[in-house]
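This is what each chain is made of:
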Amino acid sequence: MAKSAVYRILLTGATRGLGRALFEKFIALGHTVLGCGRAPEAITQLQQEWRPPHRFQMVDVANAKQVRQWSEKVLPEGAPDFLLNNAALMNRNARLWEVPAAEFDQLIDVNIKGVANVIRAFLPAMLARKKGVIVNFSSGWGRSTSPEVAPYCCSKWAIEGLSQALAQELPSGMAAIALNPGIIDTEMLRSCFGSSAAQYPSPEEWSEKAVPFLLGLGPRQNGGSLTVPT
Ligand SMILES: NC(=O)c1ccc[n+]([C@@H]2O[C@H](COP(=O)([O-])OP(=O)(O)OC[C@H]3O[C@@H](n4cnc5c(N)ncnc54)[C@H](OP(=O)(O)O)[C@@H]3O)[C@@H](O)[C@H]2O)c1
């Protein structure tokens, strides 16, 4: 996409971690951010700090009705130029057969079905303009595996397949991309790496390269399985 344009950027999982670092830079560059998360205090604080045209809303992406209601609120002001499916959960470190069914179900509901819910609600408005980029956050564990993170791995492998199939459905001028952000010191990383997460970049450091990389994505990257450069 053209570098000087002002974009509407829809971002799930804006309350902390990578989402938070991304949106602060997007806003600093003059773009409009439409963000969501579940934590009520965090969303209230974001709403007070960032006034319209930015919009932050409490939405659980696993809840198709909440996602649809979110789209009904923000789409009348315009379709997103970028749809960033960033929100996700990590399972507590455990061997697959020790992961409780409820935890497995919740992870799949957020990491896979949540992405489909957001695409179902927002993509038709983007298709109407035949314009826009969908970025589904994958992982190194969407292309490789490790023990004790099987639920997360299978959800991110699913994101790779979902993104490639979606890319084959889009008209020219649009893109669907699976993006491995790299390894960044967030709450999610700390939950599986423990204290060694601290040796990786902070979300703010990571976003210095991630933001221009994301904003540079366009139709030529459709179907890509990409990684944020380090
Ligand atoms: N950090 C890494 O090293 C790394 C590596 C590879 C891939 N990734 C991927 O990068 C993305 C961001 O990860 P992160 O490290 O920033 O994770 P994080 O620190 O755990 O943040 C996750 C974000 O997602 C939101 N979220 C979780 N469930 C949600 C739901 N059901 N509905 C709406 N929002 C929800 C959380 O907010 P609430 O709690 O307020 O809902 C939070 O804002 C994820 O897709 C992750 O799989 C991260």
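All of these numbers come straight from a predicted model, not from anything done at the bench.

Trainee: Describe the sheet that holds strand 7 (residues 225-227), and please don't skip the residues or the numbers.
Mentor: An order of 3-2-1-4-5-6-7 is seen for the seven strands of this open sheet, with the pairing classed as parallel. Edge positions in the sheet fall to strand 3 (55-58) and strand 7, since each of these pairs with one other strand and no more. Taking the axes of each pair of neighbouring strands and ignoring which way they run, one obtains an average angle of 20 degrees across the sheet. When strand 4 (residues 82-85) meets strand 5 (residues 132-137), the two strands line up parallel, connected through four bridges. Bridged to Leu-84 within strand 5 is Val-135. Lying over the sheet, helix 4 (residues 101-129) contacts strand 1 (8-12), strand 4, strand 5 and strand 6 (174-180), oriented at roughly 170 degrees with respect to strand 5. On the sheet, helix 5 (residues 150-169) packs against strand 5, strand 6 and strand 7 and is oriented at approximately 165 degrees with respect to strand 6.

Trainee: Please provide a residue-by-residue account of the site of the ligand, values included.
Mentor: Taken together, 30 residues form the shell around the ligand, and within it Thr-15, Arg-38, Asn-86, Tyr-152 and Thr-186 come nearest. Between an oxygen atom of the ligand and a main-chain N or O atom of Gly-13, the distance comes to 3.3 Å. Within the side chain of Asp-60, an N or O atom sits 2.8 Å from a nitrogen atom of the ligand. When the ligand is considered free in solution it has 890 Å² of accessible area, and contact with the protein chains removes 96% of it.

Trainee: Residue-level account of the side chain of Asn-136, with values.
Mentor: As for its placement among the helices and strands, Asn-136 is situated in strand 5. Engagement of the side chain of Asn-136 in a polar contact is seen with the side chain of Ser-163, the distance being 3.0 Å. What Asn-136 contacts, discounting residues up to four positions off in sequence, is Asn-85, Val-115, Ile-119, Ile-159, Leu-162, Ser-163, Ile-177, Ala-178 and Leu-179.

About the thresholds
Residues numbered from 1 in each chain as written. Predicted model: local features only at pLDDT ≥ 70, side-chain atom pairs only at ≥ 80, totals over all residues. Heavy atoms only, no water. Pairing = 2+ DSSP bridges. Helix = DSSP H or I, 4+ residues; strand = E, 2+ residues; numbered from the N terminus. Axes fitted to C-alpha atoms, helices over the stretch in contact; angles between N-to-C directions. Contact = heavy atoms within 4.5 Å. Near = heavy atom within 4 Å. Polar contact = N/O pair within 3.5 Å; in protein donor to acceptor, adjacent residues only side chain to side chain. Areas by Shrake-Rupley, 256 points an atom, 1.4 Å probe, with all protein chains shown as cover.

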